[in-house]
Amino acid sequence: MRDYSGHWLAKHIDRRTFLLAAGAAIASARVSSADESGETSLRQRAEKKGLVFGTQVNAGPLFSLKPYQDAVLRDAAMIVPENEMKWRPTQPTARQANYFNAERIAKFAEDNTLLLRGHTAVWHQNPPAWTKDIISGDDGEKLVLKHARELIEHFRGRVMEWDVVNEAIAPEDGMPDNLRNWAPYNKGGIDFIADCFYAARQADPKAKLYYNDYSVYYQSQGLRRDAILVFLEKLKSKGAPIDGFGIQSHLIANAEFDEAIYRRFLSEVADLGLKIRATELDVSDVRLEPDIQIRDTIVAAHTKQYLDVLFDEPAVVGLVTWGMTDRFSWLHEGWPRRDRLRQRCLPLDDNFARKPMWYAIADALDHAPSR
Ligand code: G3I
């Protein structure tokens, strides 16, 4: 085994991260040779373990940039539209639905035998402008439910799994049941959210129904973990037809990750009888110094550490990355680095070449227990 102790990287990062990084580098070398033998894709590695690997896609590059489309088809067994199924693009005016881009993505999934995730029917952040007054008025809940029903019905039989409700928990808002301060939640509470799931089940009885949320991975996020567990328990006890919990997994390289805490959280979710999918994995490098090799190494190590814990939980059914290539990531605008360098947050670089993060995912899949 190669000796990394005098390696320049060791001087830049702490011992634990260094050891993880060294492991990822070794795995990367091993995977490269497997590559030539043809056993390459993340999709195949996941399938071997009874897991599903998928990625978010955006209709823009998907239908105009061949290397992007090729990258998706090479690695993904499942796709989820980044924005195209959200409320704002699908219903720009009260009377007019526009499923053009969502349809193109659904057809792309069908043509290429890919599983399709639906994202997302109910999300406080995405109602179109024309809904603003209605949502804060007496008919707000009715309108949100109508939208969820129509959207899911439109794609009936074609979407394998829906994020029915996204990001409803916000303990910082100080509202009952830790629900986000949003009119439909303020008025209807958890019963309203249960109604969203009932509507979704009616609209597409075969689709799996997920609640999707963020920031449950790190030590400092205990309040959100607790709030989400209590929320999921209440939803279940009300009989809401919920099948799974989508853990977004927008990670931050160098954030403090306590494996034991996260393992316990995952098993508590599983104890509720829910499946778990990591639905939006990317790893922000905002806290890291500019050097590309250091960033890539630490991002890969963090990915591997996180996924090893995730895949150990038998209720986990798969992983979706929030994009395949650094060329297109919400993080560039959503959370820019102070030095204005582009983030290196996804498995492939700007030119679609595999990065250490890709190999870290491959290695974690190879070591995942079989389902
Ligand atoms: O469509 C308009 C376009 O007409 C306009 O010219 C342009 C000008 O900025 O904006 C376009 O809308 C943008 C939209 O993405 C489509 O590109 C919005 O400004 C922008 O805010 C929006 O961001 C998306 C964000 O969700 C909000 O919907 C990101 O692409 C998308 O990656 C992000 O994804 C979310 C998940 O849905 C939920 N979890 C968190 C995740 C990251 O924020």
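None of the values given here were measured: they were computed from a predicted structure.

## What to know about helix α6 (residues 100-111)
Right, on to step 1. Under the 1.5 Å per step criterion, the end-to-end length of α6 is 16 Å for 12 residues, consistent within 8% with the ideal 16 Å.
Right, on to step 2. Along α6, the positions that sit buried rather than exposed are A102, I105, A106, F108 and A109. One side of α6 carries all its buried residues, which in axial view fall inside an arc of 155°. Set apart from the buried face of α6 by more than 90 degrees, the exposed residues are F100 and D111.
Right, on to step 3. Once α6 finishes, T113 follows within two positions and takes phi at roughly 50°, a positive value.

## Some details on the site of the ligand
Right, on to step 1. Taken together, 14 residues lie near the ligand, and E82, N83, K86, H119 and E280 sit nearest.
Right, on to step 2. Taking E167, its side chain carries an N or O atom lying 3.1 Å from a nitrogen atom of the ligand.
Right, on to step 3. Within the side chain of Q248, one N or O atom sits 3.2 Å away from a nitrogen atom of the ligand.
Right, on to step 4. Protein burial of the ligand: of its 800 Å² of free accessible surface, 46% is covered by the chains.
Right, on to step 5. When grouped by side-chain class, the residues that make up the shell around the ligand number 3 nonpolar, 7 polar and 4 charged.

## Focus on unusual backbone geometry
Right, on to step 1. In this structure, T120 follows H119 across a cis peptide bond, with omega equal to -5°.
Right, on to step 2. Along the chain, the position of T120 falls in strand β3 (residues 115-123).
Right, on to step 3. The backbone phi angle of T113 is positive, close to 50°, even though this residue is not glycine.
Right, on to step 4. Of note, T113 is situated in the loop between α6 and β3.

## Details of the confidence of the model for the chain
Right, on to step 1. Across the chain, the average pLDDT comes to 92, with 89% of residues at 70 or higher.
Right, on to step 2. Within the model, pLDDT remains below 50 along residues 23-37, and this stretch shows 19 contacts once partners closer than five positions in the same chain are excluded.

## Describing the side chain of E84
Right, on to step 1. Relative to the helices and strands, E84 resides in the loop between β2 (78-81) and α5 (87-90).
Right, on to step 2. A distance of 3.3 Å separates a polar side-chain atom of E84 from the backbone nitrogen of E82.
Right, on to step 3. Leaving out residues up to four positions away in the same chain, E84 has contacts with V57, N58, A59, P89, T90, N101, A102 and I105.

## Overview of the packing of helix α11 (residues 259-271) against helix α12 (residues 292-312)
To describe two helices that pack against each other, one gives the angle between their axes and the distance between the axes.
Right, on to step 1. Closest axis-to-axis distance for the α11/α12 pair is 9 Å, and the angle between their directions is 35°. In the packing of α11 onto α12, the handedness of the crossing is right-handed. Note on element contacts: α12 touches α11 through Q305, Y306, V309, L310 and D312, opposite E259, Y262, R263 and L266.
Right, on to step 2. Of the residues in the contact of α11 with α12, the class split is 5 nonpolar, 1 polar and 3 charged.

## Details of α11
Right, on to step 1. With 13 residues, α11 ought to run about 18 Å at 1.5 Å a step, and its terminal C-alpha atoms sit 18 Å apart, in line with that.
Right, on to step 2. Within α11 the residues assigned to the buried category are Y262, F265, L266, V269 and A270. Viewed end-on, α11 has its buried residues packed into an arc of 140°, placing them on one side of the element.
Right, on to step 3. Contacts from the buried residues of α11 go to α10 (222-237), β6 (244-247), β8 (275-284) and α12.
Right, on to step 4. Near the N-terminus of α11, the side chain that reaches the backbone nitrogen of A260, with its oxygen 3.0 Å away, is that of D258.
Right, on to step 5. Positive phi shows up at G273, right after α11, with a value of about 85°.

Rules and cut-offs
Residues numbered from 1 in each chain as written. Predicted model: local features only at pLDDT ≥ 70, side-chain atom pairs only at ≥ 80, totals over all residues. Heavy atoms only, no water. Helix = DSSP H or I, 4+ residues; strand = E, 2+ residues; numbered from the N terminus. Expected span 1.5 Å × (residues − 1). Buried < 20%, exposed > 50% of the residue type's maximum accessible area, 1.4 Å probe, protein only. Arc of directions from axis to C-beta. Near = heavy atom within 4 Å. Polar contact = N/O pair within 3.5 Å; in protein donor to acceptor, adjacent residues only side chain to side chain. Areas by Shrake-Rupley, 256 points an atom, 1.4 Å probe, with all protein chains shown as cover. Nonpolar A, V, L, I, M, F, W, Y, C, P; charged D, E, K, R; others polar. pLDDT = per-residue confidence, 0-100. Contact = heavy atoms within 4.5 Å. Axes fitted to C-alpha atoms, helices over the stretch in contact; angles between N-to-C directions. Left-handed = near helix turned anticlockwise from the far one by under 90°.

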